[in-house]
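Spelled out from the first residue to the last, the chains are:
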Amino acid sequence: MLIRQPSTFYLALSALLALAPASAAQGADAEQPTAEALVSRMDDLYDSSGTVAEVEVEIVEPDKTRIMKLRMWSRGEDESLAVVLEPSRDEGTATLRIDRNIWNYLPKISRTIRVPPSMMMGSWMGTDLTYDDLVKESSFVDDYTHELVGRSDDPPGWLVRMTARPGTAGLWSRIDVVFTDQHRLPAVALYYDRRDELARTMRFEDVRTMDGRLVPTRLVVVPEDEKGERTVFRYNDIRWNAELDDDLFSLRRLERRS
């Protein structure tokens, strides 16, 4: 909410605003899958001409836990909007993304602030996602090579290794993803930085059918360098291929509606 970036934000925002329409449940295939087929399914998992979602975000830190409720909209790969509904002290706070540009609307001071390049690695709304996650436009299919490593025991499924092609921009040198046997959906993704060290784990849980599409509805992001921290995104409702107003993703509409 959240995803294109190898899709932390697309899975969570476009999720979570931001991840060809995925088919309904696929039964277990007796044949060994190909890495390309699994990765293509993941790349398209949350794709939609227009998405509207109600999302609960739980931000866990060693000394406190904070919960937000958001309404999110996305259209295509370049436009997304997230507005805080709860808690009341943050109600109306919003993030608008158009292409690689991001703005925050702060209702307490009635101001819209553009996020500068120097702040792109900062936390988005206190979560374990950064603003940089929001604007990544990498594709799992196009920007990574794919290797079916074999079977995984924990969790059970098929392990695919995606290695960044030369010249691919971004933080990740490779991403290891385990896909489930039953529906060939991602179960866990391990993100390795440019030093080839594990930097982030993302778990895909609570698979359900929402608006006719089988998707994980609980996404857990765990940073390796912040012990005891995690961000949990829960989809309470999703509507796919919704018709959205042309001016929804605009600064004028952002300030007026907020």
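Each chain carries its own residue numbering, running from 1 in the written order of its sequence. Residues qualify for local features only when their pLDDT is at least 70, as the model is predicted, and side-chain atom pairs are given and counted only at 80 or more; totals for whole chains, interfaces and linings, by contrast, use all residues. Neither water nor hydrogens contribute to the side-chain values; these are computed over all heavy atoms in the structure.

**Some details on the overall build of the protein**
And then number 1: The helix and strand labels rest on DSSP assignments: H or I over at least four residues marks a helix, E over at least two residues marks a strand, and numbering proceeds from the N terminus. When helices and strands are tallied, the protein shows 6 helices and 13 strands.
And then number 2: For the protein, the residues scored as buried account for 54% of the 258 residues in total.
And then number 3: Carbon and sulfur atoms provide 46% of the accessible area of the protein, an area that totals close to 11,600 Å². Exposure categories follow from relative accessible area, calculated using a 1.4 Å probe and restricted to protein chains: below 20% of the type maximum is buried, above 50% is exposed, and the middle band is partly exposed. Exposure was quantified through the Shrake-Rupley algorithm and a 1.4 Å probe, taking into account, for residues, occlusion by the shown protein chains and nothing else.

**What to know about unusual backbone geometry**
And then number 1: Cis geometry is adopted by the peptide bond preceding Pro87, which originates at Glu86 and carries an omega value of 5°.
And then number 2: In this fold, Pro87 is placed in the loop between strand S3 (79-86) and strand S4 (94-98).
And then number 3: The omega angle of the peptide bond from Asp154 to Pro155 is -5°, so this bond is cis rather than trans.
And then number 4: With respect to the helices, strands and loops of the structure, Pro155 is situated in the loop between strand S7 (144-153) and strand S8 (156-164).
And then number 5: Positive phi, close to 55°, is recorded for Met125, a residue that is not glycine.
And then number 6: With respect to the element layout, Met125 can be found in the loop between strand S6 (111-114) and helix H4 (131-135).
And then number 7: Its identity as a non-glycine residue notwithstanding, Asp196 has a phi of 65°, on the positive side.
And then number 8: For Asp196, the location among the structural elements is in the loop between strand S10 (186-193) and strand S11 (198-210).
And then number 9: Its relative accessible area of 42% is what places Asp196 among the partly exposed residues.

**Quick notes on the pairing of strand S12 (residues 213-223)**
And then number 1: Where burial is concerned, most of S12 is hidden: 10 out of the 11 residues are buried.
And then number 2: Two elements, S11 and S12, share 10 bridges in a ladder whose sense is antiparallel. Note that in S12 the partner of Met210 across the bridge is Arg213.
And then number 3: Each pair of strands is called paired provided DSSP finds at least two bridges between the two strands. Bridge analysis of S12 against strand S13 (residues 230-239) gives 4 bridges, and the strand direction is antiparallel. Within S13, the position partnered with Val220 by the bridge is Val232.
And then number 4: Where S12 hands over to S13, the hairpin turn is made up of 6 residues, of which Gly228 adopts a positive phi near 80°.

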